[in-house]
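# Understanding the architecture of this molecule
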Amino acid sequence: MKVSIEVNGRPVAEEVPDRTLLVHFLRDTAGLTGTNIGCDTTSCGACTVLLDGESVKSCTVLAAQADGHAVTTVEGLSDGTEDGLHPVQRAFREQHGLQCGFCTPGMIMASVSLLADNPKPTRDEVRAGLEGNLCRCTGYHNIVSAVIDASGQEVDG
Ligand code: FES
Ligand code: FES
């Protein structure tokens, strides 16, 4: 079927098999490989993107389900900031919120969504909000610090 999705503000339209997953559409059709595939079974969150502003695991959404909708990937975050980074990306860098970085795009997209819903979260709220995202390097402490930093709160530990 023909699928048309606004990806990071740019229309992307392509004929794809009906069963095509959104993550494959983003990586293979739109050419945006920042959205990672870690498990393909809804467990890891590496594939997290925003669908009409809400975070979703793009390995659990058919491209057809996103037809006519707007998707934001990690590549779409960087506009309009002084160093080309979104504040959440900058906070991940400053707080060392990544090790191998494989989980990072999904963590960042989930964090952007979390902060949109709860601009001043506690550390416990950040942990709860990111529980669907796994970091195999177990870098959670600094990831939580990064989200606290991005929220403009003092990072205290
Ligand atoms: Fe989608 Fe792991 S690849 S949750
Ligand atoms: Fe390696 Fe999270 S930084 S999986």
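Residues numbered from 1 in each chain as written. Chains lettered and ligands numbered in written order. Predicted model: local features only at pLDDT ≥ 70, side-chain atom pairs only at ≥ 80, totals over all residues. Heavy atoms only, no water.

### Thoughts on the side chain of Q89
Checked against the element boundaries, Q89 lands in helix α2 (residues 87–94). A relative accessible area of 13% places Q89 in the buried class. (Helix = DSSP H or I, 4+ residues; strand = E, 2+ residues; numbered from the N terminus. Buried < 20%, exposed > 50% of the residue type's maximum accessible area, 1.4 Å probe, protein only.)

### Remarks on the pattern of salt bridges
Scanning all chains against the criterion turns up two salt bridges. Each of D83, R90 and R93 takes part in salt bridges that share partners, so that together they form one network. (Salt bridge = Lys/Arg side-chain N within 4 Å of Asp/Glu carboxyl O.)

### Description of the nonpolar core
If you look at the biggest cluster of nonpolar residues, it comprises 22 residues, and the most contacted ones within it are F92, M107, L130 and V147. In terms of residues, this core owes the most to one element, helix α3 (residues 104–117), which gives seven residues. Setting aside residues no more than four positions away along its own chain, F92 makes contact with G97, L98, T104, M107, I108, S111, I143, A146 and V147. In this structure, V3, L22, A63 and V71 belong to the second largest nonpolar core, which totals 16 residues. (Core = buried A, V, L, I, M, F, W, Y, C linked by side-chain atoms within 4.5 Å. Contact = heavy atoms within 4.5 Å.)

### Notes on empty space enclosed by the protein
Using the criterion set out here, one finds one cavity of 30 Å³ or more in the structure. Estimates place the volume of the largest cavity at around 30 Å³. Residue composition of the lining of the largest cavity, grouped by class: seven nonpolar, four polar and no charged. (1 Å grid on protein atoms, 1.4 Å probe; cavity = no way out; pocket = protein on both sides within 12 Å on 5 of 7 lines; lining within 4 Å. Points joined across faces, edges and corners; volume = space filled by probe spheres on them. Nonpolar A, V, L, I, M, F, W, Y, C, P; charged D, E, K, R; others polar.)

### Details of the pairing of strand β2 (residues 10–15)
Inspection of the sheet shows strand β1 (residues 2–7) paired to β2 by six bridges, in the antiparallel sense. Within β2, the residue paired with K2 across the bridge is E15. Hairpin remark: β1 followed by β2, antiparallel, with two residues in the connecting loop; positive phi at N8, about 50°. (Pairing = 2+ DSSP bridges.)

These results come straight from atomic positions and should not be treated as a statement about function.
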